[in-house]
Every structure is written in C-alpha cells, then in structure tokens.
Amino acid sequence: MGIQLINHQVKEETVDFSSIPPGFESFTAFRINDNSITTTSSATTSGLAPQTAKPELVHMYGQDQTIRRSRRRRSEITHNRFDCSSGDECDSDPFDHIDQILGSRLPTGVIRGCDKCTNCQKVTAKWRPEEARVPILSEAPAFYPTEEEFEDTLKYIASIRNEAESYGICRIIPPSSWKPPCPLKQKNIWENSTFATRIQRVDKLQNRDSMRKMFRPNYHKKKKARRGTKAGFDHVTHGSNPVEPVAQEADFGFESGPQFTLDEFKKYADDFKRQYFRINDGKPVIQDSWEPLVENIEGEYWRMVENPTEEIEVLYGADLETCTFGSGFPTVSCQVLGLDEKYVKSGWNLNNFPKLQRSLLKYESSDISGVLVPWLYIGMCFSSFCWHVEDHHMYSINYLHWGAPKMWYGVAGKDAVKLEAAMRKHLPNLFAEQPDLLHKLVTQLSPTILKSEGVPIYRCIQNPGEFVLTFPRSYHAGFNCGFNCAEAVNVAPVDWLPHGHTAIELYREQARKTSISHDKLLLGAARDAVKAQWEINLLRKNTPDNLKWKDVCGKEGILSKALKERVEMERVRRDFLCKSSQSLKMDTNFDSVNERECSVCYFDLHLSASGCHNCSPEKYSCLSHANQFCSCSSGSKYFLFRYDMSDLEILVEALEGKLSAIYRWAKKDLGLYLTDHLNKDSPCSRGLPAEERKDFVKEGSENNRLFVGNSDVIVLSDDEAGDEDKKVSSCGINTPAFLARGPHQEIRDCASVKEKYNVELLEFGVVQSGKLWCDNRVIYPKGFRSRVKYLDIFDPNNICYYISQILDAGLGRPLFMVSPENYPSEVFIYFSPVKCWEMVRERINHEISEQHKLGKANLPVLPPPGSLDGMEMFGFSSPFILQGIQSIDRNRVCEEYWKSHKF
C-alpha cells in the first residue's frame, strides 16, 4: 500500500494492574435498565444499534426445536468457559490480568448499553488518520484458475503450492461463473436465526502485561471437538483423565457478548463503523456517502493495537458451528434451483472440502467441528483473529461469503520459528507465565515489529467471493474491515504428512491434546495406496485416482517416506521400551468409537498403547510413558500393538514398490485376491459357460494368488533387492542381485542333478483363443494347475510340493506362476514356464549358499543351470497331460498349435 509508518516506536509505560481481563470491557462501563424496548425496523441514525424487544420464540436454522431468545440485561449474560479457536478468532486470555497503558486506565471509547437497552452503543473514540500505522509489506500472491483448473480442487492447490507456499498464504479467485447461492441470506434465517458473540478489546491485543490469577497446564484454546461433541465442553476421553475444569465461570472474568440475528448484527456493525469513522464531528455533510478505504482501516487498527488512546470494544461471532447455525454453502438439493445444484457437490463447497479424494481427513470417521465441519465467522470492523497456526499444522481454507474485506497477514511455515522467537522477545512476561501462549490465539504483534525482527510477512486482502488458503505451519492473523461473513475448514492432502508428523511430536513434548489421529490418517492413506498399486500392476486399472496414489509412492514418494519415518520411530520405542512377552494384539475397534490418548502426554494411541492389568481398563499411555502413567509395578504393564513390526515393514516395502510386499499386504490386510477380480472383470473370463466358470472360481485357493508387475520379470519373493544390478558368482552361475545378500562362498561340487519328475495334474483349465496362449509345442490353458516335488526353498535338505499354474491378468497372454504349496506367499512369476522354474532354482542356490556360510553340513549340491526343465516341471512333457489339453480344445481355437499338429 506504500503508506509510510507513522510514529512507529512503541513506548514503554509504567504498569498499573486492572481487574479487566485482556481484550474485554469492564462490567461497569455502562448502565442497565430492566425494561426492554421495542426494536426498530431499520438502522438508526443516532448511533444506536438495533434494540431488542421482549423475549420471543425464534426457530433456529438447522434444528428441529424452538428455543427462547431474549435480549437480556448485561448483568445476566453468562460467562462461558473461555474457548478460542484456531480458525479465525482471537479472544483474550482469562489467565492474564493486564496493566493499563500510560499507568492509568484509558478512557472508554465504546459504551454499550444505556438506560433503555443493552445492545445499543455510543462510540466516543474517533479515527485518528494522522497517527495511522500502516505496515509496509509485500502482497501475498493471488491465483486465477480457469474453469477447467477449477474442476479438481486438490489438484489445483497442488499446482500452486510450489509458488505460494513460500508466502504462507495466498488468495484464490474463482472463475467469474462460480457464484454459489448463500442459504444464510434467506429471510427466515437472516431475521430469525441467532448466534452468540464474544467481546474483544482491541487495545489489549498487544500492549499488556500478565498477572496470572490461576493456571492450568491443560488449558488451551477452544477445542475442535471430536466424535460429534459440542464445542465448549470437554469431550469424554478414554486413556486419559478428563480435563479438569479450568475454573468456574465467575473466576474467568470472561464475558460472552449478546446474541444477534444476522440482520441485527449488520445494523450494529454498520453503526459502529459509521460512528467510529465519522467526519466533521458527526455532522451529516457527506457522512452517508463516505466509506473509509481498507488502508484507512488498517492504519487505524494497528494504531489502536500498538499505541491505543481509548478502550475499544468490538464483538465477533466466531467459531459458529455450521451443523447448528447453518452453512453459507448449500448442503442439500432443496436449497438450490436448477443449475445451482452443482454447488452442493462442488469440491470448493467447504462442507465437502475436507473429505475430498486424496484428502487424508477422509480417514477420520468423526465429525470434528472446525476441522471436518466448517465454522462460520461473522465479523464487524476491527474484530480480530490473532497469530496462530492450524491444529496439527494443517492447511486451512477460508471463503468470504459477503461483506467488507477481511485483512490477513501470513508467515510461511519455514519461518514459523522466527515468528515465535520474535513474539517471545517482545512479550517476555506473557511467555514466561504462559509458554503455550501462541496456542491460545489471544495475542497480536504488529507486522512492523515482526518485519524488523527479520520475519518475512505478507499482506493478503480477501474480498467477497474469494478464498484464502493458508499452508502447513503458516502463522496467520488479521481482522475484519466491517460486517462480513466467512466460512473456514481444514484440509490435509498427502504433502501435509511431514508437517503433521512434526506437529504430533511437538504436541507430545508440550502435553497438548490432539484433534485428529495422525496415525489413523497415515495408515489409511498407506492402505489405499497399496490397493491402488495392486490394481495398477495386477488389473491394469490405470485410473486417475490410482495414478495419483502411484505418484506419492516409491522410495522417494512423500507417503512412503512419511510412513517409513513413523515406523522407524515406532521400532525404536518398541525395542527400548517394550517386552515381547507383554505384547498383545490391539483390538480393531480399540479407538473406533472413543478416541484413545496417552494419560500423560495426550499422544494418540491408534498404533500402539500401554495398559496396566491392575488399573482402570480405560486408562492407557503411549509407549514412552508406560512406566509413568500409574504407580503399579512394571510386571503389571502390557502393550497393545495394532500391527507387528514385521507387518509395518511389509507395508513400507509395499509403498516403496516391492512387488512381493504389495502382494502380501493386499492379501493379508486388504483381503484382495486376483481370482476374485478376474472372475468378474477379466476379458478372458467373461462369457465362460457356467460349468467352466465354476471350475475357474475354484482357483481362488490360498495357493493361487497372483501379482503382476509392470516389468517383464516379476519375482514375488522376499529376497528381492532394489535397483542394483550387482551379480556374484556361485559355481560360475550369474546370480541376480536379489540373491546377493552378501559375499557367497563358492561351492565346488556342482554335479548335475538332472532327473525325471513325477508331475501331478490338478486342473486342465480353460483353453483361450489368441496366438500367445499356445506355441508349436504346447497349448497353455488358463487355470491349468499341477503339482510336483522339489527342494524346499527354505530348507534345501528337505523336499516340498510346488504348485505350477497358468493365469490371466488381462494381458492377452498367459502368465506362469510357481509357489511352494506350504508357502503360498512366496511366488515366482514370469511369462514363460522355463524362467519361472529357473528363478526357483536360483532361489534354492541362494539358500544353500547362505546356509553353507553359516556352517551347516550335509547340504545338497548347487543345482546348475539346465538342471531344471521348466516345461517338464509344469507337466508339459507328460503325454497324458498333453493329450488331455488337446482334448479340451474341441474347436481348435489355438490355431498356432494345431498348424504344427495336423492329426
């Protein structure tokens, strides 16, 4: 805006403590009359806000019951439990009673209430443009998506992240055609639905000292309620003691503001702004046509915050639950007409935003108010939201439905530590008594001061119809420039995961309660990603959603790395803190109904927990506090694990792309079997006669589960290696890298072990058309299965059965698979039977070499190349099997084969 800062220096004044809590007006600042008067139907011109009639019944939007609302005397207004939000609000801190600047009480700038009513106001304070303090800042970027780009919400946000994240905040201006209807403007809601307000003292947001009358370490800002609980009340927790009430309401000194309808609050807010920015001492010269500019309001706001001359009281309707009051977006079709129905399902409708595809919040089953359920913010001029980051360092998105602009200031997540250091430097007394001050959203600090401390900070002016997006761990603050209505909610795409991990570790250190289960979101995403990889490689389902998951997997994928880091942390804690003899399997529904958190540090217990046989069965701790959450002996403690470490390692490997791990996890955890899908979806299985289809379904046994990769060679073996192409010599054999676990000792006695094998036919299968389903030697029926004995891949001194089979993964060609009958998860797959059995031989060679290094005696010789004939091991050298296959091709659909067998 280019306006120079005027009188920047903040004075240090003497301290005189007042009984008024920060940001709130005294009870004695006005008089009350028991008599109520009738409300006027239009905005007053005498400086009074709408007055209230006698108590009346009003139907609340979104509720089935009618409640009684009255404009009560100020002395009867309840002092609710103090609750601040991380969304868009900054109430004052009930623990700090503050000194008055200049050593004495400032004159009252706003008097609310008179002899005749409770909600009128007289604004004696006056705009001082000559003392304006407009911060000189750069603007945050604004983005203008096209109609096509606007279709995919999270994809568009991902596309601007690299450019915008360094600012911490940005604006998104929808295409001109995007104009969602606002149900809140309907007459019955506008005039009848009521909401509560909170009182803010703008002059106390920065310039105050703290005198603590009480302190509770577990007290924080308004919780974003979980499990459908109501905000403002502690939800019931299992695994921790219920939070002790901070204080009785009278002890707080916290004062709720009166209730308003939207119509009433608009009149009240407009009246305040008109009185405050009056010109010519209120004479009606050009007052009605004059409106202060945004920079006028900004300069005056920071003058009041940095160097106030009066006590300024404003009201803010913040953290209003849309499930109670109603959303500014349409949520059901009956709220819209015709083409407007698209807004009900739009990804930019904030009721849908948190649980969009690829938003990790969809794995949270609870309706967490403020996180998964949007909050409304109904503001007036100077109503403020103080410096804060979102819960769990999530993204937030805010949409301004209507009204005056909203002023934002943002600091990028990478500079969060700088802001925190600057706040502590300039507000040492507050932080000395309340180290978690920044969690409470009660404190502003001028952008000018932050900038002088080297904190990069950016301005963002949000106009009606625009979105403001804040990025992970981005500090943001701001104020409203007049009457307006905004709606906000959180979102957590996959790139948020590293930030979320940092947040839960900080919360653990600070013993701060969580709003969501980070591990539940992480594991939910990982399981879906494995399923997507399974479908891509197995069924060739390259759908857009599957490909998006593929983008975050692989060894360098953000999801893979996030899970690997979390699993490694879990491994360390289990290794050092747990005993296997005390480990139990965690019940699947352990935290499905009630959240479970550590009774010491409030860490979420979705992945693991510690309990005590002697204590309450509903009390748990994290692994780190297993010996601290109760005084019982260590012998009475036990540990609950949702997954064994071996399972978690398989999941990590699956995300990294190891095919055998994908196969194992899909089968064990997700219950995915190829045959189940082929029976329904494979082009080769559709149209089969009922009898043959039934035979085909029989292949869904434990021994017949296939995984197909994108590469030509597919080895579903635990001994797969990465991308290395190293080879080692054993008996002069070139051994693939996946067999090279370490230096092999060469075994000299390599006599041929060529012999005849007795192959047992299990299933002939079904003949398929197509030249790849046969050659001039053999027809390869889909579903063919045989059994044969050979050396055990785990104990080469023993013999075990192997199942050889032919399957179709929709590739238009046969795929050959061999697996030990007793170890169906060990699978060797290739596009030829010879190569399949060659891989079995190589695996056995590897095992013999490993056991030889360990000094095991009487090992068999290493089977050399050519010692196994894959065609023979499948049974294709057996005249009985060959004749049987020929007999099932009655129509001679395998033309390539029959060209060479004219008989």
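What counts as what
Residues numbered from 1 in each chain as written. Predicted model: local features only at pLDDT ≥ 70, side-chain atom pairs only at ≥ 80, totals over all residues. Heavy atoms only, no water. Helix = DSSP H or I, 4+ residues; strand = E, 2+ residues; numbered from the N terminus. 1 Å grid on protein atoms, 1.4 Å probe; cavity = no way out; pocket = protein on both sides within 12 Å on 5 of 7 lines; lining within 4 Å. Points joined across faces, edges and corners; volume = space filled by probe spheres on them. Nonpolar A, V, L, I, M, F, W, Y, C, P; charged D, E, K, R; others polar. Axes fitted to C-alpha atoms, helices over the stretch in contact; angles between N-to-C directions. Left-handed = near helix turned anticlockwise from the far one by under 90°. Contact = heavy atoms within 4.5 Å. pLDDT = per-residue confidence, 0-100. Parallel < 35°, antiparallel > 145°, perpendicular 65-115°, else oblique. Pairing = 2+ DSSP bridges. Buried < 20%, exposed > 50% of the residue type's maximum accessible area, 1.4 Å probe, protein only. Patch = residues over 30% accessible without salt bridge, like charges linked within 9 Å, V, L, I, M, F, W, Y side chains within 5 Å. Areas by Shrake-Rupley, 256 points an atom, 1.4 Å probe, with all protein chains shown as cover. Salt bridge = Lys/Arg side-chain N within 4 Å of Asp/Glu carboxyl O. Expected span 1.5 Å × (residues − 1).

## A short note on unusual backbone geometry
Working step 1: One non-glycine residue, H393, lies in the positive phi region at around 55°.
Working step 2: Counting through the fold element by element, H393 comes out in the loop between β14 (384–388) and β15 (395–403).
Working step 3: Positive phi outside glycine occurs at R892, with the angle close to 50°.
Working step 4: For R892, the location among the structural elements is in the loop between α21 (879–888) and α22 (895–899).

## A look at empty space enclosed by the protein
Working step 1: Counted by the stated rule, this structure contains 9 cavities of 30 Å³ or more.
Working step 2: Its boundaries defined by the atoms lining it, the second largest cavity holds a volume of some 50 Å³.
Working step 3: Contributing to the lining of the second largest cavity are R508, R566, E570, R573, F603, S608, C622, L623 and S624.
Working step 4: Ranked by residue count, the leading element in the lining of the second largest cavity is helix α14 (residues 558–577), at 3 residues.
Working step 5: Within the lining of the second largest cavity, the residues separate by chemical class into 3 nonpolar, 2 polar and 4 charged.

## Thoughts on the packing of helix α12 (residues 518–539) against helix α13 (residues 544–551)
Working step 1: Contact pair α12 / α13: the axes reach a minimum separation of 9 Å and the direction vectors enclose 115°. As α12 packs across α13, the resulting crossing turns out to be left-handed. Across from A525, D528, A529, A532, E535 and I536 in α12, the residues of α13 making contact are N546, L547, W549 and K550.
Working step 2: For the contact of α12 with α13, a count of residues per class yields 6 nonpolar, 1 polar and 3 charged.

## Here's the deal with the confidence of the model for the protein
Working step 1: Averaged over all residues, the pLDDT of the protein is 75; the fraction at 70 or higher stands at 71%.
Working step 2: Confidence over residues 213–222 falls short of pLDDT 50; this stretch has 45 contacts with residues more than four positions distant or in other chains.
Working step 3: Scored below 50 in pLDDT, residues 679–755 shows 199 contacts in the model against residues more than four places distant or in partner chains.

## Regarding the packing of α14 against helix α15 (residues 645–656)
Working step 1: Viewed as axis vectors pointing N to C, α14 and α15 meet at an angle of 160°, and their least axial separation amounts to 9 Å. Classified by the interaxial angle, the pair formed by α14 and α15 is roughly antiparallel. α14 and α15 meet at a crossing whose hand is left-handed. When α14 is examined against α15, the residues L559, S560, L563, K564, V567, E570, R571 and R574 are found in contact with a partner set consisting of M645, L648, E649, L651, V652, L655 and E656.
Working step 2: Its residues placed into classes, the contact of α14 with α15 shows 8 nonpolar, 1 polar and 6 charged.

## Some details on the sheet that holds strand β23 (residues 637–641)
Working step 1: Strand order in the open sheet formed by 3 strands is β21-β23-β22, and the pairing between neighbours is mixed. Every other strand in the sheet has two partners, leaving β21 (583–585) and β22 (608–612) as the edge strands with one partner each. This sheet shows a mean twist of 35° between the axes of neighbouring strands, independent of strand direction.
Working step 2: One ladder, built from 3 bridges, connects β21 with β23; its direction is parallel. Residue L584 lies in a different strand from β23, and its bridge partner there is L640.

## Concerning the pairing of strand β11 (residues 256–261)
Working step 1: For β11, the buried fraction is high: 5 of the 6 residues fall into the buried class.
Working step 2: By the bridge criterion, 4 bridges tie strand β9 (residues 194–201) to β11 in an arrangement that is antiparallel. Of the residues in β11, the one forming a bridge with A196 is Q259.

## Describing a nonpolar patch on the surface
Working step 1: A cluster of nonpolar side chains, V572, F576 and L577, forms an exposed patch at the surface whose accessible area comes to about 310 Å².
Working step 2: Tracing the backbone shows L577 in helix α14.
Working step 3: Exposure remark for L577: the relative accessible area of 37% places this residue in the partly exposed category.

## Remarks on the sheet that holds strand β17 (residues 458–462)
Working step 1: Spatial ordering of the open sheet is given by β6-β17-β16-β19-β14, a layout of 5 strands whose pairing is mixed. Edge positions in the open sheet fall to β6 (138–139) and β14, since each of these has one partner strand only.
Working step 2: Of the strand pairs in this sheet, β14 and strand β19 (residues 475–480) are connected by 3 bridges, and their pairing is antiparallel. If you follow S384 over to β19, its bridge partner there is F479.
Working step 3: Running over the sheet, helix α5 (residues 294–306) touches β14, β16 (406–411), β17 and β19 and is turned about 110° from β19.
Working step 4: Against the sheet, helix α8 (residues 416–426) contacts β14, β16 and β19, and its axis sits at roughly 65° relative to β19.

## Looking at α14
Working step 1: Between its first and last C-alpha atoms α14 spans 29 Å; for 20 residues at 1.5 Å apiece the expected length is 28 Å, and the two agree.
Working step 2: Of the positions making up α14, those classed as buried are L559, S560, A562, L563, R566, V567, M569, E570, R573 and R574.
Working step 3: In this structure, the buried side of α14 is in contact with α11 (497–510), α12, α13, β22, β23 and α15.

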